[in-house]
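What follows is each chain in one-letter form.
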Number of protein chains: 2
Amino acid sequence: MARFFGTPDGVKVGQFFLDRRELQSAWVHRPGRAGISGTKAEGADSIVVSGGYVDDEDHGSYLIYTGHGGNQRRPNKQIADQDPEAPGNAGLITSLVQGLPVRVIRGAHASSPFAPRAGYVYSGLYSVTSWWMETGRDGFRIVRFRLDAIDNQTVVEPAPAIDHDPAFASAVVTRRIRDTAVAREVKELYDFSCQICGIGLRGFEGRKYAEGAHVRPLGRPHLGADHLENLLCLCPNHHTQLDIGGIWISDDMVAMYATSHEPVATLSWKKRHRVNRENVAYHRSLWPSIAELAS
Amino acid sequence: MARFFGTPDGVKVGQFFLDRRELQSAWVHRPGRAGISGTKAEGADSIVVSGGYVDDEDHGSYLIYTGHGGNQRRPNKQIADQDPEAPGNAGLITSLVQGLPVRVIRGAHASSPFAPRAGYVYSGLYSVTSWWMETGRDGFRIVRFRLDAIDNQTVVEPAPAIDHDPAFASAVVTRRIRDTAVAREVKELYDFSCQICGIGLRGFEGRKYAEGAHVRPLGRPHLGADHLENLLCLCPNHHTQLDIGGIWISDDMVAMYATSHEPVATLSWKKRHRVNRENVAYHRSLWPSIAELAS
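Residues numbered from 1 in each chain as written. Chains lettered and ligands numbered in written order. Predicted model: local features only at pLDDT ≥ 70, side-chain atom pairs only at ≥ 80, totals over all residues. Heavy atoms only, no water.

(A) Structural context of the overall build of chain A. Broken down by element type, chain A carries 7 helices and 17 strands. Sorting the 295 residues of chain A into buried and exposed places 57% on the buried side. Taking all contacts inside chain A whose residues are at least 6 apart in sequence as the whole, residues at least 24 apart take part in 60%. With the model as given, the accessible surface of chain A reaches about 12,000 Å², and the carbon-plus-sulfur share is 52%. (Helix = DSSP H or I, 4+ residues; strand = E, 2+ residues; numbered from the N terminus. Buried < 20%, exposed > 50% of the residue type's maximum accessible area, 1.4 Å probe, protein only. Contact = heavy atoms within 4.5 Å. Areas by Shrake-Rupley, 256 points an atom, 1.4 Å probe, with all protein chains shown as cover.)

Here it is in structure tokens:
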């Protein structure tokens, strides 16, 4: 993938950068001037929040971010409508649809308590959880995005008290998977279609959606590998069933229903890709009744 | 629902309780003695972590929790195998499969830095993200659960530094929806089958899975209501497509493909349930090209 998603090795959340050049050379934010790094085809991998848009809101754990275009600086104001098809804006919509993580960089400006006094601070990975169009303060149509901080990250220290959103806290957070680079690779390898049923879901204006499913789970205690040999490209229904013990995979790579032990389908494979048997065996071993019947 | 999921009104994360009776009367943990409150049919709504099992691990943001049964106190040891079909254990597996939130209560004990000196502390809602069987320290088969703190909650203050799990942080967290009570209601109303395609997914040993889909999104700025008139019972594939602008719903409640504007299916309804037109119109308005063609 040309575009790099996620936090570059060696970069820490809360790390300070003197200027745009430092952000660029650390692969934190590549463009020299643009606030959004991204395209419709690849998605957006980073944004800079620096008070250049009068309608921006910074709540710490989430941002209401204004898209690209139609503004002037000194004084900051919108002087024209924005277009959701402009590359940066279309990129953020793709990141929403595909659940791509977006690096958020805060630049010095007065209007956010989370912004640094000077320079730039890398604020970690956020998910685009919503987008919409509205009429901004200056009377023009603007493209708006809600980005929510991805949890389980080291937070910026010292940080002001974070303003959470009760409606989100009590209920659904973004349902899409926060993919690793390898998971994105497997999805592209299969052009976002399910290795079990062949379905390829489509989102807004034809954007493709699939999920990278780790066969042996990541994290303690399973410690599954984030490698191609442990990943499948699946639709949400088959990914869910794999995760909840509704289907299992035989050593000859046939997906089986756990209830009936009837085949669902034989997995389809691309030349470059196989999942190894240890991982499918580990997945079966997680579900005792499956382990018995499968052995 | 007989069983109450989520944090009871007026109860705060970090709140102290003198004894089991106080936990009981506050609806934080109902059983008088059992560590797990739950059944296979309903799921588990709360657990107490109090050092009664030698294999328990408390990492703050997540727990490795030992299931019910086969242990003795003073000295704490396993003296028999555990059974995943025992009610509390089967309840936690149902909570994993259905993504039900589990209240975690920490009781005073030496082995956890997060436990109170005395009495009990309500530690908020956790998701069961994994379960498996293993041989415990005392040589018996035990049922194990990983529970991860649900983010965006007020955390216990003052709290020790939290030990995060890098593999989880960098990648997938539980993909299942953290439902509200109303979302659980709509799923039960439709017996966990999709209102668009009729599919009812099955997990381990026949456990049912569906998702409660809010038509007008929750949270700022949309402020959709967490009411039946704003909820559909959907399979993950149709829920995903609704969320990413791949399908929209007409005023006469037909699900339509956004690309072709061909009908997917007419939504099926139970007597007690309708979604109101303002909410489906709001959903369409989130996707400009849909709004145009639908109007």
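Having seen it, we continue.
(B) View of the sheet that holds strand 17 (residues 263–266) of chain A. Residues and elements named next belong to chain A. Here we have 3 strands laid out as an open sheet, ordered 15-16-17, and antiparallel in their pairing. If you trace the sheet from one side to the other, it starts and ends with strand 15 (247–249) and strand 17, each paired once. Looking at each pair of strands side by side, their axes are set apart by 20° on average, direction ignored. Across the sheet, helix 5 (residues 236–243) lies against strand 15, strand 16 (254–257) and strand 17, angled at about 85° from strand 15, the strand it touches most. (Pairing = 2+ DSSP bridges. Axes fitted to C-alpha atoms, helices over the stretch in contact; angles between N-to-C directions.)

(C) Seen up close, the domain arrangement of chain A. Residues and elements named next belong to chain A. According to the domain assignment, chain A contains domain 1 (16–149) and domain 2 (181–294). Each of domain 1 and domain 2 was reduced to a C-alpha centroid, and the two centroids are 34 Å apart. For the domain 1 and domain 2 pair, buried surface summed over both sides reaches about 800 Å², with 56% attributable to carbon and sulfur atoms. Contact with domain 2 buries surface across domain 1, with K40, V97 and Q98 losing the most and accounting together for 56% of the total. Put simply, domain 1 and domain 2 have 0 salt bridges between them. (Domains from an automatic or database assignment. Buried area = accessible area lost by both parts, 1.4 Å probe. Salt bridge = Lys/Arg side-chain N within 4 Å of Asp/Glu carboxyl O.)

(D) Here's a closer look at unusual backbone geometry. Residues and elements named next belong to chain B. For E205, which is not glycine, the phi dihedral falls at a positive 50°. Residue placement: E205 occurs in the loop between strand 11 (201–202) and strand 12 (208–209). Taking the relative accessible area as the measure of exposure, E205 reaches 35% and is therefore partly exposed. Even without being a glycine, M253 presents a positive backbone phi close to 65°. By the element assignment, M253 lies in the loop between strand 15 (247–249) and strand 16 (254–257). Residue class for M253 comes out buried when judged on its relative accessible area of 9%.

(E) Expanded view of the packing of aromatic side chains. Residue and element names in this part refer to chain A. A full pass over the atoms with the stated rule returns 6 aromatic pairs over all chains. Look at W131 and F204: their rings are 5.6 Å apart centre to centre, the planes differ by 50°, and that puts the pair in the tilted class. Here W131, found in strand 9 (residues 120–135), pairs with F204, found in the loop between strand 11 (201–202) and strand 12 (208–209); they are 73 residues apart in sequence, far enough to count as distant. We classify W131 as buried; its relative accessible area is 2%. Look at F204 and you get buried, because its relative accessible area is 2%. (Phe/Tyr/Trp six-rings, centres within 6.5 Å; stacked < 30°, edge-to-face > 60°.)

(F) Here's a closer look at helix 4 (residues 181–189) of chain A. Residue and element names in this part refer to chain A. All buried positions along helix 4 are accounted for by V182, A183, R184, V186, K187 and L189. Along its buried surface, helix 4 packs onto helix 2 (87–98), strand 13 (211–214) and strand 14 (231–234). Backbone geometry just after helix 4 places D191 at a positive phi near 50°.

(G) Examining the pattern of salt bridges more closely. A full pass over the atoms with the stated rule returns 22 salt bridges over all chains. The partner of R3(B) in a salt bridge is D45(B), with the nearest N and O atoms 3.1 Å apart. Of this pair, R3(B) sits in the segment before strand 1 (16–17) while D45(B) is found in strand 3 (residues 43–49), placing the two residues 42 residues apart along the sequence. On the basis of relative accessibility, which here comes to 18%, the residue R3(B) falls in the buried class. With a shortest N-O distance of 2.6 Å, R103(B) and D45(B) are connected by a salt bridge. With R103(B) in strand 8 (residues 102–107) and D45(B) in strand 3, this residue pair connects regions lying 58 residues apart in the sequence. Of the two residues, R103(B) and D45(B), both sit in the buried class. Connected through shared salt-bridge partners, R3(A), E42(A), D45(A) and R103(A) make up one network.

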